[in-house]
Amino acid sequence: YRDDDDINDVASMAGVNLNEESARIMATNSDLVGTQIQSCKDEPFLAAIPLHKRILEMAKKLGITDVPAEVVTFISHATQNRLRTVIEKVTVITQHRMESYKDDEWYEQATDVRSQLKFFEQLERLEKQRKDEQEREILLKAAKSRSRQEDPEQARLKQKAKEMQQQELAQMRQRDANLTALAAIGPRKKRKLDSPGLLTIGGEGLGVSGGSQAGLGTPSSRQYARQKITRVNLRDFIFYMEQERETSRSLLLYRALLK
């Protein structure tokens, strides 16, 4: 305790007794010690007047006519604490959902559902294309037929083939018009990201003043990190409500499941 000894030696050389001064300060300000509870203003989380009206409406049903302001403040702080807890838990659920285990050495993929779904979608697309080709051939044969005695079914097929040909012709004209418009516009110029006066932050270009343009190309330019955003969806809230005892059988959960 060499430092404390040095302070005591300096104070004793100046004729000051630290113990006496500390006791005198405590005796002088003893009435103020412990009286200052909170230095900042206690501001409620919710609007006091609408919340007070809502509480009075609910209290009148139970035979209560007066609700003090302290109750409104307490309910407001309880709501804030409850909302903070819900947001923290849902954020943890979302972060777990967004975690990727592909780079983990203990990760071994058993099935790939996404590839299977793509395969089935491709099969359905090929099957639909085959049926369309068969229907097209039938309609073309019906349109080329020269029989004098036609039944109503043959006439319907001819009309449908005519409509199909008109639709294909309209699509070809629209495609030709689009190609002509693109050729008239010319090739689209790409925006230069390294141009002076333009700073890219998170994929968005922001203009800067001329005084700061000189330092954009230098290595000492300030780097702006993109802020990570956690996006919570309805599935995360449903999972949270299913895990909580208060909401696992609530009407709000059943309504969310129906959406």
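Reading guide: rules and limits
Residues numbered from 1 in each chain as written. Predicted model: local features only at pLDDT ≥ 70, side-chain atom pairs only at ≥ 80, totals over all residues. Heavy atoms only, no water. UniProt positions renumbered as here; feature names shortened; annotations may be inferred. Helix = DSSP H or I, 4+ residues; strand = E, 2+ residues; numbered from the N terminus. Buried < 20%, exposed > 50% of the residue type's maximum accessible area, 1.4 Å probe, protein only. Contact = heavy atoms within 4.5 Å. Areas by Shrake-Rupley, 256 points an atom, 1.4 Å probe, with all protein chains shown as cover. Salt bridge = Lys/Arg side-chain N within 4 Å of Asp/Glu carboxyl O. Expected span 1.5 Å × (residues − 1). Polar contact = N/O pair within 3.5 Å; in protein donor to acceptor, adjacent residues only side chain to side chain. pLDDT = per-residue confidence, 0-100. Axes fitted to C-alpha atoms, helices over the stretch in contact; angles between N-to-C directions. Parallel < 35°, antiparallel > 145°, perpendicular 65-115°, else oblique. Left-handed = near helix turned anticlockwise from the far one by under 90°.

The chain goes by TAF4 factor in an unreviewed UniProt entry, where it is assigned to Rhynochetos jubatus. We quote the UniProt Sequence similarities (unreviewed entry) comment for the chain here in full: "Belongs to the TAF4 family." The Subcellular location (unreviewed entry) comment attached to the chain in UniProt states, word for word, "Nucleus".

A. How the structure looks around the overall build of the chain. Counting its secondary structure elements, the chain contains eight helices and two strands. Beginning at the N terminus, the succession of helices and strands in the chain can be written as α-α-α-α-α-α-β-β-α-α. Expressed as a percentage of its 259 residues, the buried residues of the chain come to 12%. Put simply, 43% of the contacts in the chain that link residues at least 6 apart link residues at least 24 apart. Put simply, the chain shows about 23,600 Å² of open surface, and 54% of that area lies on carbon and sulfur atoms.

B. Quick look at the pattern of salt bridges. Overall, the coordinates contain five salt bridges when judged by the stated rule. Between Arg97 and Asp236 there is a salt bridge whose closest N-O contact spans 2.9 Å. Of the two residues, Arg97 is situated in helix α4 (residues 69–98) and Asp236 in helix α7 (residues 234–243); the sequence distance between them amounts to 139 residues. On the basis of relative accessible area, Arg97 is assigned to the partly exposed category, the value being 34%.

C. Here's a closer look at helix α6 (residues 152–185). In this model α6 runs 50 Å from its N-terminal to its C-terminal C-alpha over 34 residues, within 8% of the 50 Å that 1.5 Å per residue would give. Of the residues making up α6, those classed as buried are Leu157, Ala161 and Met164. As for α6, its buried residues are in contact with α5 (113–144). In the segment just after α6, Gly186 is the residue with positive phi, at about 95 degrees.

D. Inspection of the side chain of Asp236 at higher detail. Owing to a relative accessible area of 3%, Asp236 belongs among the buried residues under this scheme. Side-chain polar atoms of Asp236 contact the side chain of Thr94, separated by 3.0 Å. Excluding its chain neighbours within four sequence positions, the residues that come into contact with Asp236 are Val90, Ile93, Thr94, Arg97 and Arg231.

E. Inspection of the confidence of the model for the chain at higher detail. The predicted model of the chain has a mean per-residue pLDDT of 76, with 71% of residues at 70 or higher. Every residue in residues 195–221 is under pLDDT 50, and counting partners more than four places away or in other chains gives 26 contacts.

F. Focus on the packing of α5 against α6. Interaxial distance between α5 and α6 falls to 8 Å at its minimum, and their mutual angle equals 110 degrees. Comparing their axes, α6 and α5 come out roughly perpendicular. Considering the relative orientation of α5 and α6, their crossing is left-handed. Each of Glu135, Arg136, Leu139, Leu140, Ala142 and Ala143 in α5 lies in contact with α6, whose residues at this interface are Gln154, Leu157, Lys158, Lys160, Ala161, Met164, Gln165 and Glu168.

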